[in-house]
Amino acid sequence: MKYGIYFAYWENQWATELLPYVAKVKKLGFDVLELSCASLKTMEKADILALRNEAAANGVTVTAGYGPNASENLGSADPDTVKNAISFYTDTLKKLELLDVHTIGGGIYSYWPVDYSRPIDKAGDRARSIENVRKVGRIARECGVDYCLEVLNRFEGYILNTCAEAVDFVTEVDEPAVKVMLDTFHMNIEEDSITDAIRLAGDKLGHFHVGENNRRLPGRGNMPWSDIGKALRSIGYDKAVVMEPFVLPGGEVGRDIKVWRTLEADTSPEKLDADAQESVRYLRFAFGE
């Protein structure tokens, strides 16, 4: 397995300068940097190639995450929204191919955060999402990208809340590039057993996020990391394990993730770096590596 971290641990905005994070995560002991596709929307080809070259020079694998807005919803009943969403993902996947990124994950079958003040048509949205994810999944396959559907808790999404729902969804899509993505924070809310869910995902598991029950770094909550590591090894999972901690309030990130208080006593850049370095060492140990 390769161990990574999401850049937003240090940031308040989804779109930001990513280049400095490559050397940073390498220095802290990570193998993987995860970026947000929000940054790709405005990146020119030269900037994409510079990031690709920086990652290659540092031996860092780059993965991508994204929470699509309502205008990028593949499950929408509005044909214009779906058309815009497919156009967005086509452009994004081609940029990921240029960046040498082979994994994208997130609620990329619906939209996020969900507006629960509006009526919810789970059955209809699910059916439309399956049809349109299949179309986008073919494009992802052509670009060499695994298109990983993140299972979200009920407060953030409604189409895929459990691994079982995701496995059924991916099976119906029946496109090799479309895979399941699990996240321990969401699993802690929805699954009867985190380890059983991992085993259920099996070879359909394409991406894995780790974070504590309190959204802090692994080792600063109550998640059973040793058992989670054993479950991942039992299914032969050898892909990225990406930390997705959120400890800073404010900005787009704090608003969307609902971080209303500072979750660490010391959030200086130096302490955030030291905590991340300690956490990845801990996780490697807990996972038996």
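Located above this text is the structure these notes cover.
For clarity, every value in this text was computed on a predicted model and none was experimentally measured.

Student: Can you lay out the overall build of the protein for me, pointing to particular residues and giving the numbers?
Tutor: On a plain count of helices and strands, the protein comes out with 11 helices and eight strands. Over its C-alpha atoms, taken along the principal directions, the protein stretches across nearly 50 × 45 × 35 Å. When burial is assessed residue by residue, the protein has 55% of its 289 residues classed as buried. Within the protein, contacts between residues at least 6 apart in sequence are counted, and of these 78% link residues at least 24 apart.

Student: A description of the sheet that holds strand 6 (residues 178-183) should follow, citing residues and the corresponding values.
Tutor: Pairing is parallel in the closed barrel, where eight strands are placed in the order 1-2-3-4-5-6-7-8. When strand polarity is set aside, the average angle formed by the axes of neighbouring strands in this sheet is 30°. For strand 1 (residues 2-6) and strand 2 (residues 32-36), the ladder comprises three bridges, and the chain directions are parallel. For Gly4, the partnering residue across the bridge sits in strand 2 and is Val32. Most of the contacts of helix 5 (residues 122-142) go to strand 5 (residues 146-150), to which it runs at about 140°, and overall it touches strand 5 and strand 6.

Student: Would you mind going over the pairing of strand 5 in detail, with residue names and values included?
Tutor: Most of strand 5 is tucked away: four of the five residues are buried. Bridge analysis of strand 4 (residues 103-106) against strand 5 gives four bridges, and the strand direction is parallel. Counted as the bridge partner of Gly105 is Cys148 from strand 5. With four bridges connecting them, strand 5 and strand 6 associate as parallel partners. Its bridge partner lying in strand 6, Glu150 is registered against Met181. Traced from strand 5 through helix 6 (residues 163-173) to strand 6, the parallel crossover comes out right-handed.

Student: Could you give an account of the side chain of Asp125, with specific residues and numbers?
Tutor: Tracing the backbone through its elements, the reader meets Asp125 in helix 5. A polar side-chain atom of Asp125 sits 2.5 Å from a polar atom in the side chain of Arg128. When residues no more than four places from it in sequence are discounted, the contact partners of Asp125 are Gly75, Tyr158 and Ile159.

Student: Outline the pattern of salt bridges, listing residues and values.
Tutor: Summed over the entire model, instances satisfying the criterion amount to 18 salt bridges. Close ionic contact of Arg141 with Glu175 constitutes a salt bridge, the shortest N to O distance being 2.6 Å. Within this pair, whereas Arg141 is found in helix 5, its partner Glu175 is found in the loop between helix 6 and strand 6, the two being separated by 34 residues in sequence. On the accessibility criterion, Glu175 (6% relative accessible area) is buried. The salt bridge partner of Glu278 is Arg220, with a shortest N-O separation of 3.6 Å. Taken together, the positions of Glu278 in helix 11 (residues 269-286) and Arg220 in the loop between strand 7 (205-210) and helix 9 (225-234) put the pair 58 residues apart, joining distant regions of the chain. Accessibility expressed as a relative area gives 48% for Glu278, which makes it partly exposed.

Student: Let's hear about the pairing of strand 1: which residues, and what values?
Tutor: Counting buried residues along strand 1, four of its five residues qualify, which places the element largely inside the surrounding structure. Strand direction decides the pairing type here: strand 1 and strand 8 (residues 240-243), joined by four bridges, are parallel. Its bridge partner lying in strand 8, Lys2 is registered against Ala240. Once the chain exits strand 1 it traverses helix 1 (residues 19-28) before rejoining the sheet at strand 2, and the crossover so formed is right-handed.

Student: Lay out helix 1 with the relevant residues and their values.
Tutor: Buried within helix 1 we find Tyr21, Val22, Val25 and Leu28. Buried residues in helix 1, looked at end-on, bunch into an arc of 145°, giving them a common side. Exposed side chains of helix 1 directed beyond 90 degrees from the buried face belong to Pro20 and Lys27. Contacts from the buried residues of helix 1 go to strand 1, strand 2, helix 3 (45-58) and helix 11. Following helix 1 by one or two positions, Gly29 has its phi on the positive side, about 105°.

Conventions we followed
Numbering of residues starts from 1 in every chain and runs along the sequence as written. Where totals are concerned, whole chains, interfaces and linings use all residues; where local detail is concerned, this predicted model gives features only for residues with pLDDT of at least 70, and gives and counts side-chain atom pairs only at 80 or more. Side-chain measures here rest on the full set of heavy atoms in the structure, leaving out hydrogens and waters. The numbering of helices and of strands both runs from the N terminus, where a helix is a DSSP run of H or I of at least 4 residues and a strand a run of E of at least 2. Relative accessibility under 20% of the residue-type maximum defines a buried residue, over 50% an exposed one, and the middle range a partly exposed one, all with a 1.4 Å probe and only protein chains included. Throughout, a contact is declared for two residues whenever any of their heavy atoms are within 4.5 Å. Paired strands are those between which DSSP finds at least two bridges. For helices, the fitted line uses only the C-alpha atoms of the stretch in contact; every axis is such a line through C-alpha atoms, and the angle between N-to-C directions lies from 0 to 180 degrees. The crossover handedness rule: strands pointing away from the viewer, path from first strand over the helix to second strand clockwise, crossover right-handed. Polar contacts, as counted here, are pairs of nitrogen or oxygen atoms within 3.5 Å of one another; within protein the pair requires one atom able to donate a hydrogen and one able to accept it, and residues that are adjacent in sequence qualify only if both atoms are side-chain atoms. Each salt bridge in this description consists of a side-chain nitrogen of Lys or Arg and a carboxyl oxygen of Asp or Glu lying within 4 Å of one another. Here the arc refers to the set of directions running from the helix axis out to each C-beta atom.

Interpretation note: all reported values are geometric properties and have no functional meaning in isolation.
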